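Structure assessment
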Amino acid sequence: MSRRVASAFLVLLVLAAAVVVARPGPSYSAQDRDAAMAGRTKQHWTGTDDLGRDRTVRVAAALLLGLAGAAAASAVTTSIAAGVGTAAAFSPPAVAAVLMLVSDLFLTLPWLFLLMMVRSGLPLTTSPMQSAGVTFVILAALGWPACARAVYRGTLALRSSEWMIQGRANGLRSGQLIRRHLLPHLRPLLVPQFLICVPAFLVAEANLGTLGLGIAEPLPSWGGMLLELDNSAMLARSNWVFLPIALLIIVLLLLEFLAHEV
């Protein structure tokens, strides 16, 4: 499978999810108590959950919310890594050592437990959208150190290049060199890091959701829907309960393939 085919397949999944969410019919939070744990019907294409909510709409909304949140968090963490890495490379050795020490300290932190602590410390009045935002903000704040070290090493290698020496000879400042010349040369490093972080953040959010510490209800999330797999009665009544995990695996495989093909 080529990168173009994988990208097209991922885009089609996102477009299909957007169509499902936008179509007239039940929303992701609408409950039909008379159709709780129902199988496939004309109204509910893949059945309903234990509260009678349409599984198709909820899976589609979880796909859109998860990808949007993970992509935004990945963009933020990649930007932080680029800023810290280039700042360390253009700083005096003592400052660079401090910045890399800070990144090493972040790498040693048990980020999953920190996520659990922060998420469990949120007040019960926190809205579902706020819980989603906090989850992805924390992921972005904790995910930059490894990428920052890679950017630091890449920038050090580029500092001695001919075009960098020529830029300094022409009177360009460090900020101008970074914006105009360095960042374009770091793109082959930053883009894969961005694509690697997206599936990592999706999995992290799913892990929190299975612990009941992810995105709050009634917003759908991967982790929240994976909790349905603990419901033996639902497993016995419909195979569509496996749809969220199947779709999550497909999305993760596509993202991993794109990250390795860039």
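Report on the accompanying structure. Just so you know, these numbers come straight off a predicted model, no measurement behind them.

With that settled, consider the overall build of the protein chain. Counting its regular elements, the protein chain contains 11 helices and zero strands. Walking the protein chain from its N terminus toward its C terminus, one meets helices and strands in the order α-α-α-α-α-α-α-α-α-α-α. Within the protein chain, counting contacts between residues at least 6 apart in sequence, those at least 24 apart form 72% of the total. Accessible surface, the protein chain as shown: approximately 13400 Å² in total, 67% of it carbon and sulfur.

What follows covers the pattern of salt bridges. Under the criterion given, the structure shown has three salt bridges. For aspartate 49, the salt bridge identified is with arginine 53, shortest N-O distance 2.9 Å. Arginine 53 shares its class with aspartate 49; the two are buried. Residues arginine 58 and aspartate 49 are paired through a salt bridge, measuring 3.9 Å at the closest nitrogen-oxygen approach. Aspartate 49 carries the same exposure label as arginine 58, and that label is buried. Connected through shared salt-bridge partners, Asp49, Arg53 and Arg58 make up one network.

The next thing to look at is the nonpolar core. Counting 43 residues, the largest nonpolar core has Leu10, Leu63, Leu67, Leu202, Trp222, Val251 and Leu255 as the members making the most contacts within it. Per-element tally for this core: the top contributor is helix H2 (residues 55–89), with nine residues. Those residues in contact with leucine 63 that lie beyond four places of it in its chain are Leu13, Ala17, Trp222, Leu247 and Val251.

A separate point is the packing of aromatic side chains. For any two aromatic rings, the description comes down to two numbers: the centre-to-centre distance and the angle of the planes. Throughout the structure, instances matching the rule amount to one aromatic pair. Between the aromatic rings of phenylalanine 106 and tryptophan 144, the centroid separation amounts to 5.1 Å while the plane-to-plane angle is 50°, which identifies the pairing as tilted. A residue pair is termed long-range when its members are at least 10 positions apart, and phenylalanine 106 in helix H3 (residues 93–108) and tryptophan 144 in the loop between helix H5 (128–142) and helix H6 (145–159) qualify at 38 residues. Phenylalanine 106 gets classed as partly exposed once you look at its relative accessible area, which sits at 28%. For tryptophan 144, a relative accessible area of 7% corresponds to the buried category. Note that arginine 23 overlies the ring of tryptophan 45, its terminal NZ or CZ placed 4.2 Å from the centroid.

Now for the environment of glutamine 31. You can see glutamine 31 is positioned in the loop between helix H1 (3–22) and H2. Take glutamine 31: its relative accessible area is 41%, and that puts it in the partly exposed class. Glutamine 31 sits 13 residues away from alanine 18 along the chain, and the two C-alpha atoms are 20 Å apart. Residues contacting glutamine 31, with those up to four places away along its chain left out, are Leu51, Gly52 and Arg53.

Let's shift gears to the packing of H1 against H2. The angle between the axes and the distance between the axes are what describe a pair of packed helices. Where H1 contacts H2, the two axes come as close as 8 Å, and the packing angle between them is 125°. Taken as axis vectors, H1 and H2 run oblique relative to one another. Crossing of H1 over H2 shows left-handed handedness. Note on element contacts: H2 touches H1 through Thr56, Val57, Ala60, Ala61, Leu63, Leu64 and Leu67, opposite Leu10, Leu13, Val14, Ala17, Ala18, Val20 and Val21. By residue class, the composition of the contact of H1 with H2 is 13 nonpolar, one polar and no charged.

This part takes up H1. Here H1 spans 29 Å end to end across 20 residues, near enough to the 28 Å set by a 1.5 Å rise per residue. Along H1, the positions that sit buried rather than exposed are Ala6, Leu10, Leu13, Ala17 and Val20. Down the axis of H1, the sector holding all buried residues measures 90°, keeping them to one side. Opposite its buried face, H1 presents the exposed residues Arg4, Leu12, Val19 and Ala22, each directed more than 90 degrees away.

What follows is about the layout of surface pockets. Size it by volume and the largest pocket reaches roughly 310 Å³. Forming the boundary of the largest pocket are 16 residues, of which Trp111, Leu142, Gly143, Pro145 and Phe201 lie nearest the centre. Of all the secondary-structure elements, those providing two or more residues to the lining of the largest pocket are H3, H5, H6 and helix H8 (174–210). Among the elements that line the lining of the largest pocket, the one with the most residues is H8, at six residues. Put simply, the second largest pocket is a space of about 200 Å³. Lining the second largest pocket are 13 residues, and of these Val20, Thr56, Ala60, Leu243 and Leu247 sit closest to its centre. Breaking the lining of the second largest pocket down by element, the ones donating at least two residues are H1, H2 and helix H11 (243–261). Considered class by class, the residues forming the lining of the second largest pocket number 11 nonpolar, two polar and no charged.

Thresholds applied
Residues numbered from 1 in each chain as written. Predicted model: local features only at pLDDT ≥ 70, side-chain atom pairs only at ≥ 80, totals over all residues. Heavy atoms only, no water. Helix = DSSP H or I, 4+ residues; strand = E, 2+ residues; numbered from the N terminus. Contact = heavy atoms within 4.5 Å. Areas by Shrake-Rupley, 256 points an atom, 1.4 Å probe, with all protein chains shown as cover. Salt bridge = Lys/Arg side-chain N within 4 Å of Asp/Glu carboxyl O. Buried < 20%, exposed > 50% of the residue type's maximum accessible area, 1.4 Å probe, protein only. Core = buried A, V, L, I, M, F, W, Y, C linked by side-chain atoms within 4.5 Å. Phe/Tyr/Trp six-rings, centres within 6.5 Å; stacked < 30°, edge-to-face > 60°. Lys NZ or Arg CZ within 6 Å of the ring centre and 35° of its normal. Axes fitted to C-alpha atoms, helices over the stretch in contact; angles between N-to-C directions. Parallel < 35°, antiparallel > 145°, perpendicular 65-115°, else oblique. Left-handed = near helix turned anticlockwise from the far one by under 90°. Nonpolar A, V, L, I, M, F, W, Y, C, P; charged D, E, K, R; others polar. Expected span 1.5 Å × (residues − 1). Arc of directions from axis to C-beta. 1 Å grid on protein atoms, 1.4 Å probe; cavity = no way out; pocket = protein on both sides within 12 Å on 5 of 7 lines; lining within 4 Å. Points joined across faces, edges and corners; volume = space filled by probe spheres on them.

Purely geometric numbers; function is a separate question.
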